[in-house]
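Each chain, letter by letter, is given below.
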Amino acid sequence: MEYQIIRSAHPFVKIPKTAQRYLVHGWQSWSLASWIDLSPLPIPCPQILHPLQYDPVYIQEQKPHGSWYGAVEFDDGNILLLGALGLETHVRMNGEYLEGLSEAGANDWLVAEGVERDVFDLYSQLLIHRFGSAPRKKPPRVWCSWYSLYTAIDEKILNQICRQVQELPFDVIQVDDGWQQKVGDWQPNPKFPSGMKSLAKTICAQGKQAGLWLAPLLAVKSSQLFRKHPDWFLKDQQGRFVVAGFNWGEQLFALDTTHPQVLEWLQSLMQMVREWGFDYVKLDFLYAAALPGKRFQDLPRETAYRQGLKVMRQSLGDDAYLLACGAPIFPSLGLCDALRVGPDVSGEWENNRDAVLLANPAIPAVRNAIRTTLHRLWLETIVQIDPDVVYFTSQGNHLTNEQRQLLQDLAQICHFRATSDLPHWFTEKELTSLKQYLEKEADVQWVDRYTFRVDGRVVDFSSAIPLAQPLTGIKELGRNLFCWLANHPWALKLIDWQSKRAAERTRRSLGE
Ligand code: 9PG
């Protein structure tokens with residue numbers, strides 16, 4: 001391998017021979033990371049989700065590009081990487097050059113050519129030096145409420161599940177979205193009349209660690225937080241609120257983590273969560289604080305986000321386990337124990353509407369989760385990597401046995417095993433295999449980019465890699481129309497309503 005470290009605000013590195021592929025690397029957990037061929041990718045839809053799924057500053061870019069680093073692959077399989085050693089940076093392929101872009105002046109960059117694994121080994125060592133790495137904790141085995149119950153959780157059901165999974169070798173029971181009054185108002189809603197302390201106590205009484213989900217850097221417009229403290233929220237250069245996407249049937253707004261009162265509020269929020277008794281914390285939708293805007297203190301956007309995350313890390317204490325999700329990747333390094341490195345899974349391998357019409361590989365789907373996670377495995381030397389949950393039961397998903405197995409194997413490769421399967425869904429056989437899976441860490445050997453040996457079995461992930469072919473001609477016109485429709489809040493509200501109804505049905509089936 002040949003390499004050098006250069007300092008520049010705008011480096012150009014000549015690509016010495018014909019490149020076959022480009023390595024795109026998305027900004028945050030859910031954004032696409034993958035080797036792609038050199039033809040431009042269609043711009044994902046709907047636009048209303050861009051700030052929530054991608055870096056909105058670069059989303060219209062037609063040339064192959066990505067956050068912090070980019071690489072090309074040659075005929076012989078070797079690669080050339082241009083990778084920043086600092087924040088606020090971006091790389092694109094510009095003709096015969098890899099071009100580095102910086103939003104905050106001169107930066108250090110690694111330029112390295114050679115075998116992909118060697119290049120990324122070196123890059124990760126340099127990044128540890130720059131960002132640090134969190135103290136190593138035992139990778140947790142998690143039961144998470146999201147992928148079966150979604151927001152249809154309440155204390156009765158969670159207490160029941162706690163008792164049911166007590167015998168199973170999970171370390172953590174993590175309560176996901178659905179316990180809070182509003183996103184922004186982090187107090188329990190009426191479905192949790194005994195309060196969060198009592199819930200954490202029940203979980204701990206079963207010998208498990210209590211885990212809790214929050215999206216601390218975000219608020220919906222209808223929240224008390226937004227109404228009481230509009231001055232805490234990020235605005236653009238014209239003084240309008242920066243919209244951080246659309247979810248929970250509402251527009252989202254981002255906290256300004258350079259505002260001293262916001263930092264104080266984040267600190268007390270994290271202390272409160274610890275006092276309740278939760279020591280595994282999944283902080284989600286973190287990208288919000290790194291969106292472009294005009295801040296109280298004039299700091300570059302990723303640096304501003306990192307400042308907020310640092311305050312939360314310190315208030316949680318080093319003994320808490322911090323999982324960052326929906327998080328800009330490099331600005332989170334060194335501050336979290338684990339990082340979600342791909343989009344959400346769902347009960348489907350791929351959804352035709354999302355993959356073809358919306359051309360959006362950040363939307364929840366098993367194939368999307370596997371693809372992006374595989375391209376971020378190299379981060380494992382810096383941070384524990386969360387590939388999202390796996391499914392064990394045949395209930396509650398439409399996956400084939402092979403697809404479920406791929407997900408399970410990927411989680412073994414990442415050393416991060418989690419599921420949301422409901423205890424009463426398991427057959428005897430499924431339960432036995434879940435126990436075995438959780439009890440024994442697999443022996444993992446790397447074979448090549450998409451192939452591994454897991455306990456001696458060859459596991460080939462290449463079926464997860466291809467992206468849907470872009471539509472052309474009349475079909476492309478149809479796509480444009482569909483994207484336009486999908487961009488309307490009522491379309492997303494409809495989807496939200498449908499998924500809530502489905503989750504309610506699942507919840508009701510528990511009582512039967
Ligand atoms: C709770 C969930 C779960 C999940 C997180 C996050 O619109 N989107 O593209 C979108 C992507 C991911 C997402 C929600 C919306 O899920 O990754 O594990 O905690 O929030 O709301």
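Quick look at the structure, then. (Residues numbered from 1 in each chain as written. Predicted model: local features only at pLDDT ≥ 70, side-chain atom pairs only at ≥ 80, totals over all residues. Heavy atoms only, no water.)

1. Considering empty space enclosed by the protein
This structure, assessed with the given rule, holds three cavities of 30 Å³ or more. Computed from the structure, the largest cavity encloses a volume of approximately 70 Å³. Taken together, 13 residues line the largest cavity, and the ones lying closest to its centre are Gln 174, Leu 323, Asp 386, Val 389 and Ala 418. Looking at the lining of the largest cavity, the elements with two or more residues in it are strand 11 (141–144) and strand 19 (280–283). Residue classes in the lining of the largest cavity are distributed as eight nonpolar, one polar and four charged. (1 Å grid on protein atoms, 1.4 Å probe; cavity = no way out; pocket = protein on both sides within 12 Å on 5 of 7 lines; lining within 4 Å. Points joined across faces, edges and corners; volume = space filled by probe spheres on them. Helix = DSSP H or I, 4+ residues; strand = E, 2+ residues; numbered from the N terminus. Nonpolar A, V, L, I, M, F, W, Y, C, P; charged D, E, K, R; others polar.)

2. Quick look at the site of the ligand
Taken together, 15 residues form the shell around the ligand, and within it Tyr 147, Asp 176, Asp 177, Lys 282 and Asp 344 come nearest. Within the side chain of Tyr 147, an N or O atom sits 2.7 Å from an oxygen atom of the ligand. Within the side chain of Arg 340, a nitrogen or oxygen atom sits 3.2 Å from an oxygen atom of the ligand. Here the ligand has 460 Å² of accessible area as a free molecule, and 92% of this is covered by the chains. Mapped by element, the contributors of at least two residues to the shell around the ligand are helix 1 (50–53) and helix 3 (146–149). Split by residue class, the shell around the ligand holds seven nonpolar, two polar and six charged. (Near = heavy atom within 4 Å. Polar contact = N/O pair within 3.5 Å; in protein donor to acceptor, adjacent residues only side chain to side chain. Areas by Shrake-Rupley, 256 points an atom, 1.4 Å probe, with all protein chains shown as cover.)

3. Concerning the pattern of salt bridges
All chains considered together, the criterion is met by 26 salt bridges. When the shortest N-O distance is used, the salt bridge between Lys 17 and Asp 76 registers 3.7 Å. You can see Lys 17 sitting in the loop between strand 2 (12–14) and strand 3 (19–25) and its partner Asp 76 sitting in the loop between strand 6 (69–74) and strand 7 (79–84), a full 59 residues away along the chain. Here the salt bridges do not stand alone but share partners, grouping Arg 21, Glu 73, Glu 116 and Arg 449 into one network. (Salt bridge = Lys/Arg side-chain N within 4 Å of Asp/Glu carboxyl O.)

4. A few points about the sheet that holds strand 16 (residues 218–220)
Strand pairing within a sheet occurs via backbone hydrogen bonds; the two strands may be parallel or antiparallel. Taken together, the three strands give an open sheet; going across it, the order is 16-18-17, and neighbouring strands pair in antiparallel fashion. On the outer flanks of this sheet lie strand 16 and strand 17 (243–247), each paired with one strand and no other. Across this sheet, the average inter-strand angle for adjacent strands is 35 degrees, counted without regard to direction. For strand 17 and strand 18 (residues 250–254), the ladder comprises three bridges, and the chain directions are antiparallel. Each residue of the ladder has a partner; that of Phe 246, found in strand 18, is Gln 251. (Pairing = 2+ DSSP bridges. Axes fitted to C-alpha atoms, helices over the stretch in contact; angles between N-to-C directions.)

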